[in-house]
Structure formats: structure tokens, C-alpha cells
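# Observations on the three-dimensional arrangement
One-letter residues, chain by chain:
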Protein chains: 2
Amino acid sequence: MKDAANIDCLAHIHTLVAAMPGPDEAASALARQREPQLTKPAGSLGRLEEISLHLAAWQGRHPPRLDNLRARVFAGNHGVAALGVSAFPAEVTVQMVLNFQHGGAAINQLCKTFGIELGVEAIELDRPTADFTGGPAMSEAECLSAFSRGMAAVEPGLDLLVLGEMGIGNTTSAAAICHALYGGHPANWTGRGTGVDDGRLAAKIEVVGKGVATNRSDDPLKVLAGVGGRELAAIAGAVLAARLQRVPVVLDGYVCTAAAAVLHAIRADALDHCLVGHASVEPGHRRLLDCLGKRPLLEMDMRLGEASGAALAVGLLKAAVACHNGMATFAEAGVSDRED
Amino acid sequence: MKDAANIDCLAHIHTLVAAMPGPDEAASALARQREPQLTKPAGSLGRLEEISLHLAAWQGRHPPRLDNLRARVFAGNHGVAALGVSAFPAEVTVQMVLNFQHGGAAINQLCKTFGIELGVEAIELDRPTADFTGGPAMSEAECLSAFSRGMAAVEPGLDLLVLGEMGIGNTTSAAAICHALYGGHPANWTGRGTGVDDGRLAAKIEVVGKGVATNRSDDPLKVLAGVGGRELAAIAGAVLAARLQRVPVVLDGYVCTAAAAVLHAIRADALDHCLVGHASVEPGHRRLLDCLGKRPLLEMDMRLGEASGAALAVGLLKAAVACHNGMATFAEAGVSDRED
């Protein structure tokens, strides 16, 4: 009976993923029409031009707007943290959530810098997920509950959603998700996270391999429940809800992108509304981005998480929209647009 | 008599270059001391940490500050533009200067986005430099006059100087400077600029080769006069003046970096106070950055000039300073900094 209920829940998410809308062709067309009229050689703003087009297409609006910016950082605790996969003790998750709430973390300064409203959601920190080397990290019901928390966190009227996470042990989950979805050797997907030494790295690789062997499934949502974490499930939910509400998303580093990859494994265009803020130093991230066909906006050698790389990229998005919306056209400025 | 005066002027610049101060060790030490106390794994903010250290060292102040930001865009006209090396007519230089003054260009929107005060200096647009395939682009006196304009444009009290240029034909000058300073084949240094076709690219390569052959010198300042332009000389002057006044600099793309490279050719550490905002699509830029040992902050496939790539990078600098100055320390936040 309980299993039947879970199957219904998963089916519901699959239905929502199938219902994801595509880009708005009318808004795209207007953005494409305006760009070459602006006073610059065609294409000379490079990726800024692509960003404007992306935002118009996925907001379904031209001109695109970046007034109401929201960052959501989800936090969760992990059973595998007890296996010594992190350089920090599990208590740091809750300590850092307090630090977010008091304004002392990197993400607070980054959100202030770029005018982003920060919301932090600590998800049952007093109930770590189970050690996934011995069984699923979460029951499907637990996973779906966290997924729903993420969906509910996307309020109406946002112009952009910046996503990130905090959770000691969660690069181990990210590595396990990627290994489960894309294969290869666990070592290909496992990095030093916050900075583990060689001994812990070897142990971490073993944990990833064992976790995936224990929790095999063809359903990406079951992989998420099996080796993921509450904050990862919430991120996947937020990515889905944002798409349904026409809110473009900026993903952060390895853990955040691995969570989103679960949707991509269900439907190949599921992350088309997402930009990737930066390439993390965590080596699995670049490999994962290749699997997703995503080019990160920034390469700043960062590996902090907490949405820091995604928030940092918001400066580029604001610049792109300012140029697209604010520049004069050749006709307005009386500038010759080619040699005669 | 006139030559003697010129030699004196060049000698004066060489004296100033020799007098460039080094980084402030006390401010550097304070920045290095604070960074590992902040609530994040050591090194996890990557290049943002390097930026904070750079700004402290070159402002000679800890904490570093980014309140008074100035962009300077220098504009000049080029005799070689008449040889068909650009996709745009020479009149566009003055048209774009008007566009800057009316707030319609990309750089206006970027400066507004990041709180940068924009100053535009059009340098004798009605007197293009001479066609450098037949002799020097500028007399040494003309070159030094433009260089001094650049030096004078650095006002006291700036926290950061963002540099850029506008000048139809000036990627031809940039290519010639690089070819003169670093050798190789002119084709290695010559790109499509604003977007010339294959025929014009071939002509442009020939112009670069001829210009360098005509204006050979062991003195980088004579190379600047020989194949440079007024806006390039002004940029070199501004880079020097900024160093003397302890103002860190952000360089823009190929033309701007080529102008600064003239100082690097005189003294290997002359650009240590400069960050490079972005890697331009113009292929010579990356090659030049390798020669200078500089890694660009952004890779946005841009090739607009007018300080656009440098201004875009200012968002990263503001974020770096906000994190370094504003984050809580482990002790302040009660966060464990390692597993015991």
C-alpha cells in the first residue's frame, strides 16, 4: 500500500516533467530582431547576447527583465558524512545555516552585491539521510517531500532563480548520482570536496561505488532517493517548478548541477531554461557539464557551493540585459552600420 | 634640435617606468592573514581570493576598497583605416564617441550596471595618425603628447581604473605592436577585428607586416609611435600613471592590452598592477596574454572594445571585495573550521 502511494508520487513528477513548456518563440524572435540593430559590430557582445536571448525566451517576455532576483539555498544532512567523506564535521551544516541567517557567509555578500534576495531552507537537519551504502538515503516519500519543498520555494513573479546548497557530505551524493546516471568509474566522479586528503578521497570513492551498487534503478528519481539528499531533491524540484512558471534558473556547482541532472536524465531538454553559473574546481563538475551540453559562464576556480558561483554570474546577466535593453540602435545614434 | 627634445621626452618616460613602485607588502600580509579565517574551506573562493589580495597589494590598503571606480575610454583615428583594414568607415570613431556621450553604447550600460563613472577622451579625431606603411604613425612628440593625455586622465583618489578604446582601424595597430614586440608572422597577430572578410584580412596582414618592417626599433616607445595610435599611447600613459598613484587597473581586449604591452616590453613587472578583464575573440589577444603571463578573468566571446570586457569584470572585483571584507570569520560565526 505504501509502495503504491510512492509510485503515484513519482508518476506525478514524471507527468510534470513531461509537461514542461518550451521556450517562448515570440519573445525569442523579438530579442533576435533587436540585437543586430544595436550600436556594435554584429555578435561582438558574444555570450552577453546569448544570455539576453535566453532570458527573453525563458521568461516569455521581451524585453527581458531582472528586477526580482531570488537565490534559494537548500541545506540537508547526510548519513554518509559519518563515514569520513568530508574534511568538516556534520555540525557545520547547521552552523553554516546560522551563518547564512546572520549574513556572514560568502553567499550573503554576493547576494548583496548583485541585488539578489536570499532565502535559505534548512530541510530536516536533525534527520540526516540514511547511509546509502546500506540502502536508500531516503524513502521515496522522504525524497518526494524534499522535492516538493523545492517546488514550493519558487514563488510567482520571479525574474530569475539562483540555486545552491549546503550539506556536509553532499559532494559524495553528487558523485554517486553522476556515477549512477552516466556510468564510468566512481573515481571519475569523485573529488576532494571541501578538501579531503588522499586517504579520505580513497574512502569516498569506495562509498560512491558501494552506494550506487546498492541503489541501482532505471528511474532517475529513484537514483535521487537512493543516493541523493534532501537538499538535492529540493533543487531538482525548484528547477522543475521554475520551468513550469517561466522562471530562468542559474545553477551553481557540482552538487547543484548533479541534482538538476536527474531531470535531464528523464527528459533531454529539461534543463534548457538553466544557465550554469560557473565551472567548479571539483573535477566531476566539468565532466557532468559535458554530459549536459552546458558551457559554464565563469571559471573562477571556486568550489564553495552555497550558490556562490551562480550568484556571481548574476552580474553577467544584469550586464547582458542592461546592454540589450538600454543600448541605442544604429538608427537612433546616427552610427554607420557598415562600410558602403 | 627637435630630435634631441624627443629623446629627452622618451627618456623621461623610461625614468618613470623605472620608478614604478612594487606591491604593498604590509597590505598584502593583512589580506593573506584575513582570508583563511573566513567561513569557507581554504581556497574555495578561488580567483575571488586572488583578486582581493591583488587589490589590497596594489591599492596599498587593507581592507581594499572599490567605491571610486572610473572607466576611461580613449578614442583616436588611424591613417591605415584608409587602406580598407576595417569593416566600418573611419567616421564611425567620432559617431561612437557621440554615442558614448549620449549614453547609448554598451560601455554606458555596463558602467551603469557596476557603478563605474565613465570618462571618454577623444584625442584629435580630426587628425588621424599617418599611414604607418610609409613611415611612423606619429612623430615622437605626437606620441608623447597622447601618452601624457593618458597620464593626466588618472585623477587622484581612484580605487580602480578600467581602460578601453575606440578607433576604427586600431586592431591593425595592436597587431603591428605585437608583431614588432614579439615577432612571429604578421598573420599570427592579425584577426578580423570588427568583422572583415577574407580579402580584407589578407590586406590587413600585409599592412601589419609592412608597418612593422618600416618602423623597426629596439625601443618599445618608438614602436608605439611607429605603428600605434593616439588612443593606444594614452592607454599606456594611463597604465603608468595608475601604477605611480597606486591605482589597480583592469585592461580590456586586444588593443588595450597591446598598448599596455609596450610598458611590459620595457620592464617585465610593469603590468603587475593590472588585471585582464576578459579574453577577446580576436585571436592575437590570447597569444598576447600568454606573452604577458596573464590569465583573463572572463571568457565571454566578446570583441567590442570600448572597455566593455574590462567593465564587465568589475562585477567580479566587487564580489571579491564584498566577500573578503564582509564575511564572518570562523570565530565570529561559531563555525568549526576542521574536523577534530
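What comes next is a walk through the structure. Since this is a predicted model, take the numbers as computed values, not measurements. Along each chain, residues carry numbers from 1 onward, in the same order as the chain's sequence is written. Starting at A for chains and at 1 for ligands, labels are handed out in the order in which the entities are written. Reporting of local features is limited, given that this is a predicted model, to residues whose pLDDT is at least 70; pairs of side-chain atoms are given and counted only at 80 or more, and all residues count toward the totals for whole chains, interfaces and linings. Computation of side-chain values: all heavy atoms of the structure, hydrogens and water removed.

### A closer look at helix H5 (residues 106-114) of chain B
Here H5(B) lies mainly inside the structure; seven of its nine residues are buried. For H5(B), the full list of buried residues reads B:Ala106, B:Ile107, B:Asn108, B:Gln109, B:Leu110, B:Cys111 and B:Phe114. If you follow the buried residues of H5(B), they end up packed against helix H5 (106-114) and helix H14 (308-326) of chain A together with strand E1 (69-75), helix H4 (91-102), strand E2 (117-122) and helix H14 (308-326) of chain B. Phi turns positive one or two residues past the end of H5(B), at B:Gly115, with a value near 65°. Exposure is judged per residue with a 1.4 Å probe applied to protein chains only, and the accessible area is read against the type maximum: over 50% gives exposed, under 20% gives buried, and values in between give partly exposed. The helix and strand labels rest on DSSP assignments: H or I over at least four residues marks a helix, E over at least two residues marks a strand, and numbering proceeds from the N terminus. Residue contacts follow a heavy-atom distance rule, with two residues in contact if any of their heavy atoms lie within 4.5 Å.

### Some remarks on the nonpolar core
Definition of nonpolar core: a set of buried residues of the types Ala, Val, Leu, Ile, Met, Phe, Trp, Tyr and Cys, connected through side-chain atoms within 4.5 Å. The biggest cluster of nonpolar side chains holds 106 residues, and the ones touching the most others in it are A:Leu312 and B:Leu312. Excluding residues that lie within four positions of it along the chain, A:Leu312 makes contacts with A:Leu110, A:Phe114, A:Leu298, A:Met300, A:Met302, B:Leu48, B:Leu316 and B:Ala319.

### Side note on the sheet that holds strand E2 (residues 117-122) of chain A
Residues and elements named next belong to chain A. When DSSP finds two or more bridges between a pair of strands, those strands are recorded as paired. Read across the sheet, five strands follow the order E2-E1-E3-E4-E5 without closing on themselves; strand pairing throughout is parallel. In this open sheet, the two edge strands, each paired with only one partner strand, are E2 and strand E5 (274-276). When the angles between neighbouring strand axes are averaged without regard to direction, this sheet yields 25°. Pairing of strand E1 (residues 69-75) with E2 involves six bridges; the strand directions are parallel. Each axis is a line fitted through C-alpha atoms, and for a helix only the stretch in contact is used; angles between axes span 0 to 180 degrees, taken between their N-to-C directions.

### Some thoughts on unusual backbone geometry
Residue and element names in this part refer to chain A. Here the bond from His62 into Pro63 is cis, since omega is 0°, no more than 30 degrees from zero. Tracing the sequence through the fold places Pro63 in the loop between helix H3 (47-59) and E1. For Asp301, which is not glycine, the phi torsion reads 60° and is therefore positive. Within the fold, Asp301 resides in the loop between helix H13 (283-292) and H14. By relative accessible area, Asp301 is classed as partly exposed at 29%.

### Quick notes on the relation of the copies chain B and chain A
Taken as rigid bodies, chain B and chain A are interconverted by a rotation of 180° and an axial shift of 0.0 Å, the fit giving an RMSD of 0.0 Å. These values place the two chain copies in the arrangement generated by a two-fold rotation axis. The rotation axis passes nearest to the C-alpha of B:Gly315 in chain B, at a distance of 2.8 Å. Comparing contact sets, 100% of the residues at the interface of chain B also lie at the interface in chain A, consistent with an isologous, same-surface contact. A least-squares superposition brings the copies together, and it is based on the C-alpha atoms of residues with pLDDT no lower than 70 in both.

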